[in-house]
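One letter stands for each residue in the lines below.
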Amino acid sequence: MDEIQKIVFEIADRCQRRKIPVTDMLAAFVAKTIILENPDKFQLDRAMSQEDVEGLVSMAVTRLSKEDDPSLETLRMQVAFDAAYVERQEALEKDKAGTNRAYSLLEQSICATKLASTKDVAGMGQMHRLIIAALLTRTGQNPSNDVFQREVAAALESVLPRANLYPFTALDYADKRDRLVDLHNYVLGIRLFNKSLGKGGSGLGDKIRDASEEVLALGQSVMNQLGDTEKVVGDMQAVINFAFKNGEKASTSKLPVQRLQDELAYRRQYIGFLQSFEQEIATSQEQMHNIALDYDAHMEELRELVGRKSAVPKERVYPLFEGLSKLWMEAKDVEMHNGALQAIFDELVTFNAPNFKSMLMEEDVSAAYRDQQGEEAAAIGEASA
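Predicted model only: the values in this text are computed from it and were never measured.

Novice: Explain the environment of V306 to me, please; I cannot follow it from the model alone.
Specialist: For V306, the location among the structural elements is in helix α10 (residues 257–308). Judged by its relative accessible area of 35%, V306 is partly exposed. Note: C-alpha distance between V306 and K195 (111 residues apart in sequence) is 14 Å. Apart from the residues within four sequence positions on either side, V306 is in contact with F193 and V312.

This is the structure we're talking about:
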């Protein structure tokens, strides 16, 4: 492992001294590729000599130093995409872990606390503050914000009045933990419903709308890139086929076929990454469509229930509040995931304008398509004869 790290460091260091931008991941990828391409020279079942190491480093630096090379740029794109994907997923997981850790600490404090009696006013006040902080933290809001605190306190009072804090603390640890999750869902649901009435929901974005729009926007961007790139790939393939078919003609004899094939591989790799986005986005779009339908149905049922009666049974409205909360949190997760995909996509799109000069010429594309049209016309003529 140390030997591999030293080789990667040496490759990256030599490239940097030549003003060639190379990440450790790219250096490692190229080194691995060279080893696999030269099994006789670099044998995996034995330790590498100093001469082997120097040879590998030299070959890697030479390859990374190439300019106007579609094959090298294909490697760069693959490594950049993989690195961006890992980086964004790790950032997403780190963010979620931070929220979970903060909530967990509050949860432990709440579940481990028992009030001495119903007259323990100081203990009740502390418990009340801890619960409010936990509910805001789980929602993803700042637990120190006074406006959020007051709004949560008002909603919490209708679910768990202060007078009932003592019985709550008397529950065992597991029951309190489950009850805390219920409190979060009911309180968040109440706040979301109030927000729909224009009476609260401070800091609670319209996650259903926002996530839906952002997923659709990213999907459209991916489709646009796919359409444009598939057109280029079609042109390249037509020219390559034309060159192989009519190699003796003056117009095609000088075509750099191998170069065009390398460029074609680059574009197909780009399309492959775009298609991976397309699949994930399609899943998110379907998910948000279902979330939006369910959310609107819950909200409409709540409006009908609350509008018809002055007092509504808790067993009727609490499941609806819980549903709103869960759907909102699910949309929040989709929005965060889509944000990570957007960042990866933005990194990928930088490779749409490759760091090499394309050998695909418009006159060659026109000649290739004229040839295709001629063949199709001839085939139709034969079929009708």
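Novice: Just checking my understanding: could you explain a negative patch on the surface for this structure?
Specialist: On the surface, E87, E90, E93, D346 and E347 cluster together to form a negatively charged patch. Of all the secondary structure elements, the ones that give two or more residues to the negative patch are α4 (70–112) and α11 (314–349). Tallying contributions element by element places α4 first for the negative patch, with three residues. Summarising the element assignment, E90 is placed in helix α4.

Novice: Just to check I follow, could you spell out the nonpolar core for this structure?
Specialist: I131, L183 and F277 are the most contacted members of the largest nonpolar core, which has 84 residues in total. Here this core takes 16 residues from α10, the largest share from any one element. Residues in contact with F277, not counting those within four places in the same chain, are F81, V222, L341, I344, F345 and L348.

Novice: Would you mind going over the packing of aromatic side chains with me for this structure?
Specialist: To describe a pair of aromatic rings, one takes the distance between the centres and the angle between the planes. Within the structure shown, the criterion is met by eight aromatic pairs. Between F81 and Y85, the aromatic rings sit 6.1 Å apart at their centres with planes inclined by 40 degrees, giving tilted as the arrangement. Here the residue F81 and the residue Y85 both occupy positions in helix α4, the gap between them amounting to four residues, near one helical turn. Taking relative accessible area as the criterion, Y85 reaches 28% and is therefore assigned partly exposed. The cationic tip of R138 hangs over the ring face of Y103; the distance from NZ or CZ to the ring centre is 5.0 Å.

Novice: Looking at this structure, how should I read the packing of helix α9 (residues 207–245) against α11?
Specialist: Each packed pair of helices is defined by two parameters, the angle between the axes and the distance between the axes. Packing of α9 against α11 brings their axes to within 9 Å, and their N-to-C directions diverge by 25 degrees. Between α9 and α11, the interaxial angle falls into the category roughly parallel. For the pair α9 and α11, the crossing hand works out as left-handed. Contacts from K207, I208, D210, A211, E214, V215, L218, S221, V222 and Q225 of α9 reach α11 at L327, W328, A331, K332, V334, E335, N338, L341, Q342, F345 and V349. Within the contact of α9 with α11, the residues separate by chemical class into 12 nonpolar, four polar and five charged.

Reading the values: rules and limits
Residues numbered from 1 in each chain as written. Predicted model: local features only at pLDDT ≥ 70, side-chain atom pairs only at ≥ 80, totals over all residues. Heavy atoms only, no water. Helix = DSSP H or I, 4+ residues; strand = E, 2+ residues; numbered from the N terminus. Buried < 20%, exposed > 50% of the residue type's maximum accessible area, 1.4 Å probe, protein only. Contact = heavy atoms within 4.5 Å. Patch = residues over 30% accessible without salt bridge, like charges linked within 9 Å, V, L, I, M, F, W, Y side chains within 5 Å. Areas by Shrake-Rupley, 256 points an atom, 1.4 Å probe, with all protein chains shown as cover. Salt bridge = Lys/Arg side-chain N within 4 Å of Asp/Glu carboxyl O. Lys, Arg positive; Asp, Glu negative; His and termini not counted. Charge placed at Lys NZ, Arg CZ, Asp CG, Glu CD. Core = buried A, V, L, I, M, F, W, Y, C linked by side-chain atoms within 4.5 Å. Phe/Tyr/Trp six-rings, centres within 6.5 Å; stacked < 30°, edge-to-face > 60°. Lys NZ or Arg CZ within 6 Å of the ring centre and 35° of its normal. Axes fitted to C-alpha atoms, helices over the stretch in contact; angles between N-to-C directions. Parallel < 35°, antiparallel > 145°, perpendicular 65-115°, else oblique. Left-handed = near helix turned anticlockwise from the far one by under 90°. Nonpolar A, V, L, I, M, F, W, Y, C, P; charged D, E, K, R; others polar.

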